[in-house]
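Remarks on the overall topology
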Amino acid sequence: MSDEPTLRPETLAAQALGWIDVATGAVAPPIHPSTTYVRDGDGGSGARRGYTRDENPTYDQAEALLAALEGGAECLLFSSGMAAAAAVFQTLAPGDHVVAPSIGYHGVRAWLKTHGAHWGLAVDFVPTGDVEALAQAVRPGRTKLVWAETPGNPTWEVTDIAAAAEIAHAAGARLAVDSTAATPVLTRPIAHGADIVMHSATKYLNGHADVLAGVLVTARDDEPWRRVRALRHDGGAVLGPFEAWLLLRGMRTLFLRVRACSRSAQTLAEHFERHPKVSRVLYPGLAGHPGHEVAARQMDGGFGGMLSLRVAGGAPAAIEVCGRTKVFKRATSLGGVESLIEHRASIEGPDSAVPDDLLRLSVGIEDASDLIADLERALAA
Ligand SMILES: *Cc1c(COP(=O)(O)O)cnc(C)c1O
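Residues numbered from 1 in each chain as written. Predicted model: local features only at pLDDT ≥ 70, side-chain atom pairs only at ≥ 80, totals over all residues. Heavy atoms only, no water.

Within the chain one finds 15 helices and 12 strands. Computed over its C-alpha atoms, the radius of gyration of the chain comes to 21 Å, within 12% of the 21 Å expected for a compact globule of 381 residues. Counting over 381 residues, the chain shows a buried share of 53%. Within the chain, counting contacts between residues at least 6 apart in sequence, those at least 24 apart form 71% of the total. For the chain, the exposed area adds up to about 16,000 Å²; of that, 56% sits on carbon and sulfur atoms. Of the side chains in the chain, 35 bear a positive and 44 a negative charge, and the two mean positions are spaced by 3 Å. (Helix = DSSP H or I, 4+ residues; strand = E, 2+ residues; numbered from the N terminus. Rg over C-alpha atoms; globule rule 2.2 N^0.38 Å. Buried < 20%, exposed > 50% of the residue type's maximum accessible area, 1.4 Å probe, protein only. Contact = heavy atoms within 4.5 Å. Areas by Shrake-Rupley, 256 points an atom, 1.4 Å probe, with all protein chains shown as cover. Lys, Arg positive; Asp, Glu negative; His and termini not counted. Charge placed at Lys NZ, Arg CZ, Asp CG, Glu CD.)

Here you go:
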């Protein structure tokens, strides 16, 4: 029996698995910029590495940590969240059917509509939070992938991962979950039956708005996963070593940051729930949110740092409120230490399904009362 202590995920993240650099004893890992590695006398590379795409040792610790936090068999880092998502779609064959969320990260929907269609995929977009709709949408034998995002941008629709996995598997499909907004702090999709977990590590995992990165974690090392691995190796959508190093550094405070963001988001959601200038607060931590019950079961220790406000007075009022915030910065993206606000419909353009009175808030780690005061001022003017 091993005498290694079984450690909680918080501990694994804080210590980045406790790895110590073998050569120097360094607690912080080295960055390996080298693109190539010396060969043996016979021209082989033995047990060593060959070439940086995709054998750079700077990835190892971040990938091992993410596999551990998600409870998966293996993790691969990608150059962006979109590169990670695209790798999953590219394992499919022309004619394969995909079910994806009707509301969700717009880049994923846009990829499926353009490149997915060109690739020959048949895609149906349904509200994956609606178990009935999901069950109706899958075509047994033909559906190869169900893609869910939970909580999903920007209404924070909650998908029941266990139910979605059951539906997907019964139809012969795999379930992939974009868990960017939940992070492994709040949800571990593989434990609920997901086959693949995807993250835009650009968001909470890195957490400091200074790295673009993507993550896939697989439940098991199977044939579709081997194809994902080959796609990354052959296509080269790998992360640079400096970015991989920054990502690992960011993940050491992941639990502190996500819990702080979640606490403040809950406080803001409750504060603005009955505000006269706000017609609706969309947040899974509110009892009135349609996904609250599932979220309470599936999320552990909070409901995340993302919420949306629907502003009374429609699009013009929403845009004005957005223009008046000072502490909240007007910017795309989410999951950083600083709070961001955005009028989503303007960003997504004319084919957006997002209500035009909706403001998306990414709540950071600032003092919650400063954030509330900022929104109160913006709504009052
Ligand atoms: C940002 C984001 C993506 C895309 O990730 P990039 O790192 O920007 O390529 C995908 N899904 C969700 C939920 C996101 O927020």
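For the rest of this paragraph, the subject is unusual backbone geometry. The phi angle of most residues is negative, glycine excepted, and most peptide bonds adopt the trans form. Following R53, the chain continues to D54 via a peptide bond in cis, the omega torsion being 0°. The linkage connecting T150 with the following residue, P151, adopts the cis geometry, with an omega of -15°. Mapped onto the elements, P151 comes out in the loop between β4 (143-149) and α7 (161-170). Of note, the phi angle at L17 is positive, near 70°, even though the residue is not glycine. Considering the arrangement of structural elements, one finds L17 in the loop between α1 (9-14) and α2 (52-55). Residue classification places L17 among the partly exposed positions, given a relative accessible area of 25%.

Before going further, it helps to spend a moment on the nonpolar core. Core analysis: the largest hydrophobic core is formed by 69 residues, its most contacted members being L77, L268, F272, V281, L307 and L361. Of the residues forming this core, the biggest block, 8 residues, is contributed by helix α11 (residues 254-272). Not counting residues up to four positions away in its chain, the partners in contact with L307 are W156, A265, A269, V281, L282, Y283, L359, R360, L361 and V363. (Core = buried A, V, L, I, M, F, W, Y, C linked by side-chain atoms within 4.5 Å.)

Strands sit in the order β1-β7-β6-β5-β4-β2-β3 across an open sheet of 7 strands; the sheet is mixed. Looking at which strands have only one partner, the edges of the open sheet turn out to be β1 (74-78) and β3 (122-126). Adjacent strand axes in the sheet meet at a mean angle of 20° when their direction is disregarded. Where β4 meets strand β5 (residues 174-178), 5 bridges bridge the pair, whose relative direction is parallel. Bridge pairing in β5 links L145 to R174. Helix α3 (residues 58-70) contacts β1, β6 (196-200) and β7 (214-218) of the sheet and is inclined by roughly 130° relative to β1. Across the sheet, α7 lies against β4 and β5, angled at about 150° from β5, the strand it touches most. (Pairing = 2+ DSSP bridges. Axes fitted to C-alpha atoms, helices over the stretch in contact; angles between N-to-C directions.)

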